[in-house]
Amino acid sequence: MAIDAATVKKVARLARIAEPDDKLEPLARELSGILDWIEQLNEVDTDGVAPMTSAVAASLPMRDDVVTDGGDPAKVLANAPKTERGFFVVPKVVE
Amino acid sequence: MSELTELTLKDALDGLAAGRFSSEELTRAHVEAMEAARELNAYVLETPERALEMAKASDGRRARGEAGRLDGAPLGIKDLFCTEGVRSTACSRILGNFTPTYESSVTANLWRDGAVMLGKLNMDEFAMGSSNETSAFGPVVNPWRIEGGNAKLTPGGSSGGSAAAVAAQLCLGATATDTGGSIRQPAAFTGTVGIKPTYGRCSRWGIVAFASSLDQAGPIARTVEDAAILLTSMAGHDPKDSTSLPVETPDFASFCGKSVKGLRVGIPKEYRVDGMPAEIEALWQQGINWLKDAGCEIVEVSLPHTKYALPAYYIVAPAEASSNLARYDGMRYGLRVDGANLTETYENTRAEGFGAEVKRRILIGTYVLSAGYYDAYYLKAQKVRRRIADDFDQAFEKVDALLTPTAPSAAFALGEKSDDPVAMYLNDIFTVTVNLAGLPGMSIPAGLDANGLPLGLQLIGKALDEGTLFSIGSAVEKAADFKARPQKWW
């Protein structure tokens with residue numbers, strides 16, 4: 001088995017997804033099944049192969065460093081769960 | 001006027017131009033069809049008032065001689081596209097009632113050309129799935145049924161709502177997206193035409209991101225020509241997407257019906273997989289014969305790394321997804337589930353907001369990108385991806401296009417594969433290679449299986465050579481003469 005319950009717990013914490021303890025074991029089995037299947041990639045000889053990082057050969061275009069958008073706080077806040085006086089309201093971050 | 005929903009997009013546009021009916025009449029017929037088909041669960045949001053308003057505006061433009069390419073044509077929009085002022089959820093609970101204050105570039109292009117929006121179409125949550133069963137709104141039901149049966153079948157995924165709505169004549173055409181096969185597999189399962197264009201043809205701006213190096217928009221339609229008309233409007237360079245290609249969009253419809261004589265079509269031998277139903281094998285051979293009859297030269301080619309495409313995809317796509325979906329933190333939009341502190345609020349929000357398959361992929365993605373595993377998984381997958389792209393480059397030195405089956409089976413029953421993630425992933429075995437290489441791929445309905453369910457053939461083209469796919473695609477369409485439609489039971 002590629003990963004165990006403790007690893008799932010760690011990864012879920014990294015991904016910021018609360019997973020109850022009783023779900024960790026089944027998840028570990030499920031994810032291990034997928035990762036075991038992925039292991040077949042090791043059969044491929046990739047020595048000296050450059051990793052493919054983009055589906056297009058084109059280089060990224062540059063644009064002038066000028067403001068092109070903005071100045072519309074109402075639109076930015078329109079879908080916020082909680083706002084106050086033109087700001088997002090979020091839980092306390094600093095004690 | 002139910003006969004108006006039976007028209008192809010091309011015939012509807014001709015009828016509008018000739019004044020045989022108005023966009024208002026055409027749109028009303030589709031609104032009625034949409035409202036009468038709720039059992040299919042294809043639409044997650046109907047926008048009839050907006051549709052009729054857009055239709056009236058279109059009739060006004062036409063009267064003034066200002067009609068655009070798609071003027072007055074009622075379309076369905078996959079819920080992955082942000083539509084200004086209209087709820088867009090990617091069929092995830094985490095987006096809640098998210099109502100964009102902006103319009104995606106692809107849909108903006110459609111409205112620029114005069115199209116009418118009927119509503120938002122169901123899909124797998126964040127486009128992650130092959131059966132539409134991961135949608136927060138429940139699965140779409142395929143309008144097709146096994147002959148003499150009434151079991152509910154999947155329309156495929158992730159663009160299941162788009163494919164079902166087009167097949168059931170609930171719109172003249174639909175937008176869709178394809179990250180690993182999400183346009184082509186549902187098209188094959190519903191007897192419709194779907195094309196995923198070259199990566200970069202369509203702007204990704206305003207489309208909810210899944211895996212950014214693989215995501216690409218395209219149309220689902222009832223004919224090859226309809227798909228060409230839609231793609232011509234949807235595509236185009238967009239400075240707001242840095243991966244959008246700065247190239248001219250040809251009039252794709254002009255390639256339909258062109259002679260394919262002398263074109264070389266490759267048959268990749270690695271697509272003959274174990275356990276493939278004999279009917280699909282036979283249909284593939286039939287397709288080869290059709291193209292031979294049309295004057296194509298058939299060439300056997302080899303794409304040796306084909307079997308590694310799916311496992312490579314299941315590293316690359318979840319890795320990109322885990323990064324893209326980090327934005328759903330409950331702070332700026334969508335669902336927020338409060339906890340005792342900030343971290344707990346994040347964790348609760350994401351636990352409640354994401355469905356099981358999305359969580360599974362985020363966890364896989366987080367794992368393969370985590371310290372100590374990056375080289376073994378992510379870097380390895382990127383190298384294999386290069387191998388797969390190189391395979392295509394070599395094949396395209398010898399041929400103009402490739403012909404393969406679209407999917408390894410016909411539509412299966414809802415629930416049949418939902419307990420086995422890997423079995424579900426194998427649906428994309430023939431389609432996913434194209435996303436990894438950034439190439440265009442098209443599915444064309446080519447026949448029915450013994451149960452009376454549609455099967456599709458896939459054409460794969462060189463980068464930016466969708467034109468050849470439309471030419472060969474219309475040759476396949478003509479030879480197949482696929483006229484079957486689902487019997488209306490809804």
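Please read these numbers as outputs of a predicted model, since none were measured by experiment.

(A) Molecular detail of the overall build of chain A. Broken down by element type, chain A carries 3 helices and 2 strands. Relative to the globule expectation of 12 Å for 95 residues, the C-alpha radius of gyration of chain A, 23 Å, shows a markedly less compact shape. Structurally, chain A occupies a C-alpha span of about 55 × 45 × 25 Å along its principal axes.

(B) Spatial organisation of the interface of chain A and chain B. Taken together, the contacts link 40 residues of chain A with 53 residues of chain B. Of all elements in the fold, only helix H1 (5-14) and helix H2 (21-38) of chain A reach the threshold of two or more residues within the side of chain A that touches chain B. The residue inventory of the side of chain A that touches chain B, partitioned by class, reads 30 nonpolar, 6 polar and 4 charged.

(C) Seen up close, helix H2 (residues 23-35) of chain B. For H2(B), built from 13 residues, the straight-helix expectation of 18 Å at 1.5 Å per residue is met to within 8% by its first-to-last C-alpha distance of 18 Å. Elements that come into contact with the buried residues of H2(B) comprise helix H1 (9-17), strand E1 (43-46), helix H3 (48-63), strand E2 (74-78) and strand E3 (116-121) of chain B.

(D) Quick peek at the pairing of strand E5 (residues 193-196) of chain B. Residue and element names in this part refer to chain B. Residue alternation in E5 divides its side chains into two sets, Val193 and Ile195 and Gly194 and Lys196, and both sets are buried. Looking at chain direction, E5 and strand E6 (residues 216-221) are connected through 2 bridges and run antiparallel. Within E6, the position partnered with glycine 194 by the bridge is isoleucine 220. Examined bridge by bridge, E5 and strand E10 (residues 441-448) share 3 bridges and lie antiparallel to one another. Each bridged residue has a counterpart across the sheet, and for lysine 196 the counterpart in E10 is glycine 441.

(E) Broad picture of the packing of H1(A) against H2(A). Residue and element names in this part refer to chain A. Where H1 contacts H2, the axes come no closer than 8 Å and their chain directions differ by 95°. With respect to H2, the element H1 is oriented roughly perpendicular. Residues Ala5, Val8 and Lys9 of H1 pack against Leu24, Glu25, Leu27, Ala28 and Leu31 of H2. Of the residues assigned to the contact of H1 with H2, the class counts are 6 nonpolar, no polar and 2 charged.

(F) Structural view of the nonpolar core. All names here are of chain B. By size, the foremost hydrophobic cluster in this structure holds 172 residues, and its most contacted members are Ala42, Leu75, Ala165, Ala228, Ala312 and Ile315. Ranked by the residues each element gives to this core, the list is headed by helix H9 (residues 309-324), at 10 residues. Ignoring anything within four residues of it in the chain, the contact list for alanine 42 reads Ala37, Leu121, Asn122, Val140, Gly161, Ala164, Ala165, Ala168 and Leu170.

(G) Representation of the confidence of the model for chain A within the structure. Here chain A averages 92 in pLDDT, and 99% of its residues register 70 or above. The secondary-structure element of chain A with the lowest mean pLDDT is H2(A), recorded at 95, while H1(A) shows the highest, at 97.

(H) Focus on helix H15 (residues 466-480) of chain B. Residues and elements named next belong to chain B. With 15 residues, H15 extends 20 Å between its outermost C-alpha atoms, agreeing within 8% with the 21 Å of an ideal straight helix rising 1.5 Å per residue. For H15, every residue scored as buried is listed here: Glu466, Leu469, Phe470, Ser471, Ile472, Gly473, Ser474, Ala475, Val476 and Glu477. Looking one or two residues past H15, aspartate 481 carries a phi angle of roughly 50°, positive in sign.

Cut-offs applied
- Residues numbered from 1 in each chain as written.
- Chains lettered and ligands numbered in written order.
- Predicted model: local features only at pLDDT ≥ 70, side-chain atom pairs only at ≥ 80, totals over all residues.
- Helix = DSSP H or I, 4+ residues; strand = E, 2+ residues; numbered from the N terminus.
- Rg over C-alpha atoms; globule rule 2.2 N^0.38 Å.
- Contact = placed C-beta atoms within 7 Å.
- Nonpolar A, V, L, I, M, F, W, Y, C, P; charged D, E, K, R; others polar.
- Expected span 1.5 Å × (residues − 1).
- Buried ≥ 20, exposed ≤ 12 C-beta atoms within 10 Å, placed from the backbone.
- Pairing = 2+ DSSP bridges.
- Axes fitted to C-alpha atoms, helices over the stretch in contact; angles between N-to-C directions.
- Parallel < 35°, antiparallel > 145°, perpendicular 65-115°, else oblique.
- Core = buried A, V, L, I, M, F, W, Y, C linked by C-beta atoms within 7 Å.
- pLDDT = per-residue confidence, 0-100.

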